[in-house]
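Here's the letter readout for the chains.
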Amino acid sequence: MVQAPGEVGTVFELFRKSKYFTVQPESKREIPEGLWIKCRCREILFSKDLSRNYKVCQKCGHHFRLTAWERIELTLDPDSFVEFDADLEPRDILEFPGYAQKLAKAQEETGLREAVVTGEGTIGGHRVVVVVMDAHFIMGSMGTVVGEKVARAAERALEKRVPLVAFSASGGARMQEGILSLMQMGKTAAALGRLDQAGLLYISVLTDPTMGGVSASFGFLGDIILAEPGALIGFAGPRVIEQTIRQKLPDGFQQAEFLQEHGFVDLVVPRNRLRDTIIKILGLHQQGE
Amino acid sequence: MPTVFDFEKPIYELETKIAELKQFSADKGLNLNREIEVLEQRALELKRSTYGNLTPWQKVLIARHPNRLGARDYIDNFCTDFVELHGDRAFGDDPAVVGGIGRMNGYAVTVVGHQKGRDTKENLVRNFGMLHPDGCRKVLRLMRQAEKFGRPLVCFVDTPGAHCGIGAEERGQAEAIARNLMALSTLKVPIVVVVIGEGGSGGALALGMGDRILMQEHSVFSVSSPEACASIIWKDAGRAREAAEMLKLTAQDLLRWGVIDEIVPEPLGGVHRDPEQALELLREALFRHLDEICRLDRGELLRTRYHKYRAIGNL
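Residues numbered from 1 in each chain as written. Chains lettered and ligands numbered in written order. Predicted model: local features only at pLDDT ≥ 70, side-chain atom pairs only at ≥ 80, totals over all residues. Heavy atoms only, no water.

Asker: Just checking my understanding: could you explain the domain arrangement of chain B for this structure?
Answerer: Accessible area lost during the coming together of the parts is what is often quoted as the interface size. All names here are of chain B. What the domain assignment lists for chain B is domain 1 (6-53) and domain 2 (59-310). With nine residues of domain 1 at the interface, the matching set in domain 2 holds seven residues. A combined buried area of about 620 Å² lies between domain 1 and domain 2, and 61% of that area is made up of carbon and sulfur atoms. The interface formed by domain 1 and domain 2 contains one salt bridge. Among the ionic pairs, Glu15 bridges to Arg273, the shortest N-O distance being 2.8 Å. Here domain 1 and domain 2 share two residue pairs in polar contact (both at pLDDT 80 or more) between them. Listed by contribution, the elements that provide at least two residues to the side of domain 1 that touches domain 2 are helix H1 (9-28) and helix H2 (33-51). For the side of domain 1 that touches domain 2, the element with the most residues is H2, which contributes four residues. (Domains from an automatic or database assignment. Contact = heavy atoms within 4.5 Å. Buried area = accessible area lost by both parts, 1.4 Å probe. Salt bridge = Lys/Arg side-chain N within 4 Å of Asp/Glu carboxyl O. Polar contact = N/O pair within 3.5 Å; in protein donor to acceptor, adjacent residues only side chain to side chain. Helix = DSSP H or I, 4+ residues; strand = E, 2+ residues; numbered from the N terminus.)

Right, dumping it as structure tokens:
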């Protein structure tokens, strides 16, 4: 059967999928990496402006996650920080499939050896030992080296008799180090127990996210517990809870403000006031000043 | 109908055959003793090879066996004058943990434990041994009381993990666990912990730190339940068996890493196959450790406990 060319076209048109331009709303390809950053409120932010504003969106107030070194720069007095235990390196003790590669990749991408940086320095002139976690390194999960560095930091604070300030950012215990990760909760809690009994101050700052094995150990053991606005804080992750109870979680559930409302966080402090708040608290724990 | 796992089927079939043969020999008045003896020997060998080479996942199954003894069974058997104490004095009484005071091997002790149910109905009440923050705080209260009166603390661990839900988060699950860990690490009385089934995540550790940690031969103890681990790593709880193999959660693994102090043998095939013998085996080990740590100087006890936890993972 011979058909007119126009008819063939029509039949084909019927079955042909319409072509559209695909727009990927979340794609970073459109935006040169590092120069422009898109906030979840859809605002496009110039990365230099964002950095100047403590990495907080000027429009919606969203607090972007900081790297450990950004946090240190933002919090400690310039050039006062001296790192502890920089040489401690995680190992794949359980020979957990894929873990060695995951570690190598995280190290390459972050330039860190582990998910926590510890050290001493001054904040507003006050000597402190600090623990700073980095969620960019395997979601800040706690394995043996993270636990060891936190415990050593607490012991150094005790030895030097200075306050400990910890910034947590972690999805919880690191599955790939199994039971040894779980035991780091015990290890850090034990070290903080000694600090507590010695009457020394521990300020715990919960940042996005602080979950599971980290919130359930050194995260919630602070004498004073601060949190950044909007930070996800809790024990079980929201996805796991939703799957378990098979219902949608209420808005704001497990956010810093929710924790303050329920009595588990002393104060939610925006990042631009965090350093001053910590200085004020440190000052109030100094005798005779 | 007893719970029989696939890997146990050859054993049960053989045991059934032996029972039939015995019945047949009795009914007909035939002497089949030699044949029965041969079969019994074969059954014993089969049991030894099966139960002596359990995979981690098979141990998880045995650790969760519905007929396995629970905390209350041990407490009732090991304690005289047990008085159960309820509540956290703040919110409520969490039935997922039991606690109280009693006399054990001559010592007045405080005893706490996760408590699962024996059947679905009881499990709904006990929440499968998954404690809420109120359960943690009940334990914390009893710990502090033990310290006040100088009583040793005995903890039985048997939980898939802390409860996961809205109320638990609202009432501070993480904070409650953290407080228990700090309290256990500094508590000024001797503490013996026995993992009697499964020990999963922070919910287990909240009752699971002490001077001596014992594990029954086929019990498991891990950073999370295999299901939760599979869900976290692969977003697929169905791969729990695989996760169990990787987590290194058996008593044998944990002893090798110095996480626990002793493995308490179980009757061949697990606690549920001979509860009486299981009670005797655990009684011996628990009383011996309790006695040892109660004789130690308290300062020494606390220093040793601290260094034990400080050393874990520094391999």
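Asker: I keep staring at the pairing of strand E6 (residues 164-170) of chain A and nothing clicks. Help me out?
Answerer: Residues and elements named next belong to chain A. Of all seven residues that make up E6, seven are buried, and the element is covered over most of its length. On E6, burial covers both faces: Leu164, Ala166, Ser168 and Ser170 on one face and Val165, Phe167 and Ala169 on the other are all buried. Bridge analysis of strand E5 (residues 126-133) against E6 gives four bridges, and the strand direction is parallel. If you follow Val129 over to E6, its bridge partner there is Leu164. For the crossover from E5 across helix H5 (residues 144-160) to E6, the handedness is right-handed. (Buried < 20%, exposed > 50% of the residue type's maximum accessible area, 1.4 Å probe, protein only. Pairing = 2+ DSSP bridges. Right-handed = clockwise from strand over helix to strand, strands pointing away.)

Asker: Would you mind going over the sheet that holds strand E8 (residues 224-227) of chain A with me for this structure?
Answerer: Think of a sheet as strands paired side by side through backbone hydrogen bonds, with each pair either parallel or antiparallel. All names here are of chain A. Taking strand neighbours across the sheet as the criterion, the seven strands line up as E3-E4-E5-E6-E7-E8-E9 in an open arrangement whose pairing is mixed. Edge strands, defined here as strands with exactly one partner in the open sheet, are strand E3 (82-84) and strand E9 (267-268). Bridge analysis of E3 against strand E4 (residues 116-123) gives three bridges, and the strand direction is antiparallel. For Glu83, the partnering residue across the bridge sits in E4 and is Gly119.

Asker: Before we go on, may I ask you to explain the interface of chain A and chain B in this structure?
Answerer: Counting residues at the interface gives 54 residues for chain A, matched by 47 residues for chain B. Both sides together, the interface formed by chain A and chain B hides about 4,400 Å², and carbon and sulfur atoms give 71% of it. Counting across the chain A and chain B interface gives two salt bridges. Taking the shortest distance from any N to any O, the salt bridge between Arg310(B) and Glu148(A) comes out at 2.9 Å.

Asker: I'm lost on the packing of H1(B) against H2(B) in this one. Help?
Answerer: What describes two packed helices is the angle between their axes and the distance between those same axes. Residues and elements named next belong to chain B. Close contact between H1 and H2 brings their axes to 10 Å; oriented N to C, the two are set at 160°. Classified by the angle their axes make, H1 and H2 are roughly antiparallel. Where H1 crosses over H2, the handedness of that crossing is left-handed. Contacts between H1 and H2 involve Pro10, Ile11, Leu14, Glu15, Ile18, Leu21 and Lys22 from the first element and Glu35, Ile36, Leu39, Glu40, Arg42, Ala43, Leu46, Lys47, Thr50 and Tyr51 from the second. In terms of residue class, the contact of H1 with H2 is built from ten nonpolar, one polar and six charged. (Axes fitted to C-alpha atoms, helices over the stretch in contact; angles between N-to-C directions. Parallel < 35°, antiparallel > 145°, perpendicular 65-115°, else oblique. Left-handed = near helix turned anticlockwise from the far one by under 90°. Nonpolar A, V, L, I, M, F, W, Y, C, P; charged D, E, K, R; others polar.)

Asker: What is the right way to look at unusual backbone geometry in this model?
Answerer: Omega for the bond connecting Asp208(A) with Pro209(A) falls within 30 degrees of zero, at -15°, which places this linkage in the cis form. Relative to the helices and strands, Pro209(A) is located in strand E7 (residues 202-210).

Asker: In this structure, what is going on with helix H8 (residues 173-186) of chain B? I would like to understand it.
Answerer: Each full turn of the α-helix corresponds to 3.6 residues, which orients residues three or four apart in the same direction. Taking 1.5 Å of rise per residue, 14 residues should cover 20 Å, and H8(B) covers 21 Å from first to last C-alpha, within 8% of that figure. With respect to burial, H8(B) is a largely interior element, 13 of its 14 residues being buried. (Expected span 1.5 Å × (residues − 1).)

Asker: Would you take a moment to explain empty space enclosed by the protein for this structure?
Answerer: It is the rolling of a water-molecule-sized probe over the atoms that shows where space remains empty. Tallying each qualifying case throughout the model produces four cavities of 30 Å³ or more. Empty space within the largest cavity amounts to approximately 100 Å³. For the largest cavity, the lining is made up of 16 residues, of which Arg65(A), Leu66(A), Arg71(A), Thr207(A) and Asp208(A) are closest to its centre. Of the residues contributing to the lining of the largest cavity, the split by class is eight nonpolar, three polar and five charged. For the second largest cavity, the lining is made up of 13 residues, of which Gly234(A), Phe235(A), Leu259(A), Glu169(B) and Gly172(B) are closest to its centre. Elements that contribute at least two residues to the lining of the second largest cavity include exactly helix H9 (256-261) of chain A together with H8 of chain B. For the lining of the second largest cavity, the leading source of residues is H8(B), giving three residues. Considering only residue class, the lining of the second largest cavity consists of seven nonpolar, four polar and two charged. (1 Å grid on protein atoms, 1.4 Å probe; cavity = no way out; pocket = protein on both sides within 12 Å on 5 of 7 lines; lining within 4 Å. Points joined across faces, edges and corners; volume = space filled by probe spheres on them.)

Asker: Sorry, what's going on with the packing of aromatic side chains here?
Answerer: Where two aromatic rings form a pair, the distance of their centres and the angle of their planes describe that pair. Residues and elements named next belong to chain B. Going through the model one piece at a time under the given rule, you end up with seven aromatic pairs over all chains. Centre to centre, the rings of Phe5 and Phe7 are 5.7 Å apart; their planes meet at 15°, and the pair counts as stacked. Relative accessible area serves as the criterion here: at 13%, Phe5 is assigned to the buried category. Overall, the relative accessible area of 17% leaves Phe7 in the buried class. Here Tyr74 and Phe78 contribute two aromatic rings whose centre-to-centre distance is 5.7 Å and whose plane-to-plane angle is 45°, an arrangement assigned as tilted. Placement of the pair is Tyr74 and Phe78 together in helix H4 (residues 71-78), with a separation of four residues, close to one helical turn. The same class applies to Tyr74 and to Phe78, which are both buried. (Phe/Tyr/Trp six-rings, centres within 6.5 Å; stacked < 30°, edge-to-face > 60°.)

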